[in-house]
Amino acid sequence: MALIALAAAGVVDGEALDAAEVCLARGLGATVHRVGPLDEPMYAFDCARGQYSSTLMLRDAIARRPTDAAKFLVVTERDIFIPMLSFVFGQAQLGGAVAILSLARLRLEFYGLGPNRGLFLSRVRKETLHEVGHTYGLTHCEDTGCTMALSTGVRQLDVKGGGFCSGCAILLREALGYVPPEEASNLPGGTT
Ligand SMILES: [Zn+2]
Ligand SMILES: [Zn+2]
């Protein structure tokens, strides 16, 4: 089974961390170790944009990855960006070990709406699997219902399902070297 380390960068919503942990355990069959927290990513703040560089956060996370962890997910409350985009929900090393997830734009309050914990946590689960999915070599999927579909906004994110399409599930199985338990329970022909 995969060993995934999970860390908050600074103060991060505890329920969101719990949701990320549970979906990694269920969706990927991973053993999740909580580590950290890391420092707030002040080193990554870009004064001109008023946002935080996800590339710098990724670089920092690579240096801090626990040596026993196959993958390392760092969660931040900060609004993150890469230079060519106005924002990103997260960033990951494709086929690598490290991923960053930002909660900032997953909250309805960011858009001037009232809070909705259920919807927020559902977004957290989808983006957790999406970013960690990238570290298993999965690229963006054309199936808009698949969690590996590209989301450039919350509308696309909310259309997605919380799981992998059959094509991505096959690639994921190959990368993991086993069938994740949630998927195994959905396979036809099982007796238990
Ligand atoms: Zn992506
Ligand atoms: Zn897919």
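Residue numbers run consecutively from 1 along every chain, following the written order of its sequence. Whichever chain is written first is A, and whichever ligand is written first is 1; the rest continue in order. Reporting of local features is limited, given that this is a predicted model, to residues whose pLDDT is at least 70; pairs of side-chain atoms are given and counted only at 80 or more, and all residues count toward the totals for whole chains, interfaces and linings.

Asker: Describe in detail the nonpolar core, supporting the description with residues and values.
Answerer: A general trend in soluble globular proteins is that nonpolar side chains are found buried together. Of all hydrophobic cores here, the largest spans 40 residues; its most connected members are Ile4, Ala20, Met57, Leu73, Val74 and Val75. Counting from the N terminus, the helices are DSSP H or I runs at least four residues long and the strands are E runs at least two residues long. Looking at this core, the elements with two or more residues in it are strand S1 (3–9), helix H1 (14–28), helix H2 (54–64), strand S5 (71–76), strand S6 (80–81), strand S8 (98–102) and helix H3 (117–135). Setting aside chain neighbours within four positions, we find Val75 in contact with Ala8, Ala9, Val12, Ala16, Leu17, Ala20, Leu101 and Leu103. Remark: nonpolar core denotes a set of buried Ala, Val, Leu, Ile, Met, Phe, Trp, Tyr and Cys residues whose joining runs through C-beta atoms within 7 Å. Residues with at least 20 neighbouring C-beta atoms inside 10 Å of their own are called buried, those with 12 or fewer are called exposed, and the rest are partly exposed, where every C-beta is derived from the backbone. In this structure, Tyr136, Leu138, Ala169 and Leu172 belong to the second largest nonpolar core, which totals ten residues. In this description, any two residues whose backbone-derived C-beta atoms lie within 7 Å of each other are considered to be in contact.

Asker: Provide a residue-level description of unusual backbone geometry, including the pertinent values.
Answerer: Going from Gly36 to Pro37, the amide bond is cis rather than trans, its omega being 10 degrees. Counting through the fold element by element, Pro37 comes out in strand S2 (residues 31–38).

Asker: Residue-level account of the sheet that holds S8, with values.
Answerer: Strand pairing in a sheet relies on backbone hydrogen bonds, with the paired strands running either antiparallel or parallel. Only strands that DSSP links by at least two bridges are regarded as paired with each other. In space, the five strands of this open sheet follow the order S2-S1-S5-S8-S7, with mixed pairing throughout. Among the strands making up the open sheet, the edge pair consists of S2 and strand S7 (90–92). Within the sheet, the average angular offset between the axes of one strand and its neighbour, ignoring direction, is 15 degrees. Bridge analysis of S5 against S8 gives five bridges, and the strand direction is parallel. Within the sheet, the bridge partner assigned to Val74 lies in S8 and is Ile100. Each axis is a line fitted through C-alpha atoms, taken for helices only over the stretch in contact, and angles between the N-to-C directions span 0 to 180 degrees. Together, S1, S5, S7 and S8 form the strand contacts of H3, whose direction differs from that of S8 by roughly 160 degrees.

Asker: Describe in detail H2, supporting the description with residues and values.
Answerer: All of the buried residues in H2 are Ser54, Met57, Leu58 and Ala61. Seen from one end, H2 has its buried residues packed into an arc of 100 degrees, which puts them on one side. Packed against the buried residues of H2 are S1, strand S4 (51–53), S5, S6, S7 and S8. Within this analysis, the arc is defined by the directions that extend from the helix axis to the C-beta atoms.

Asker: Hey, could you go over the environment of Leu172 for me, with residue numbers and the actual values?
Answerer: Locating Leu172 in the fold gives a position in helix H5 (residues 166–176). For Leu172 and His33, which are 139 residues apart along the polypeptide, the C-alpha to C-alpha distance reads 21 Å.

Asker: Describe the pairing of S8, and please don't skip the residues or the numbers.
Answerer: Most of S8 is tucked away: five of the five residues are buried. Alternating positions in S8 separate into two faces, Val98, Ile100 and Ser102 on one and Ala99 and Leu101 on the other, with burial throughout. Of the strand pairs in this sheet, S7 and S8 are connected by three bridges, and their pairing is antiparallel. Residue pairing for S8: Gly90 is matched across the bridge by Leu101. Where S7 folds back onto S8 in an antiparallel hairpin, the turn is made up of five residues, including Gly95, whose phi is positive at roughly 70 degrees.

Asker: Residues and numbers for H1, please.
Answerer: What a helix is expected to span follows from its residue count: subtract one and scale by 1.5 Å. For H1, with 15 residues, the first-to-last C-alpha span of 21 Å sits near the 21 Å given by 1.5 Å per residue. Of all the positions in H1, only Ala16, Leu17, Ala20, Cys23, Leu24, Gly27 and Leu28 are classed as buried. Down the axis of H1, the sector holding all buried residues measures 130 degrees, keeping them to one side. Exposed side of H1, more than 90 degrees from the buried face: Gly14 and Glu15 are the residues found there.

Asker: Can you break down the sheet that holds strand S3 (residues 45–46) residue by residue, with the values?
Answerer: Spatially, S3-S4-S6 is the arrangement adopted by the three strands of the open sheet, whose pairing is mixed. The two strands at the open ends of the sheet, each matched to only one other strand, are S3 and S6. As paired elements, S3 and S4 share two bridges and run antiparallel to each other. Within S4, the position partnered with Asp46 by the bridge is Gln51. In this fold H2 packs onto S4 and S6, with an angle of close to 45 degrees to the strand it touches most, S4.

Asker: How would you sum up the environment of Thr76? Please name residues and give values.
Answerer: Mapped onto the elements of the fold, Thr76 is located in strand S5. Sequence spacing of Thr76 and Gly167 is 91 residues, and the spatial spacing of their C-alpha atoms is 30 Å. If we ignore the near neighbours within four places in the chain, the residues touching Thr76 are Ala9, Gly10, Val12, Pro41, Met57, Ile100 and Ser102.

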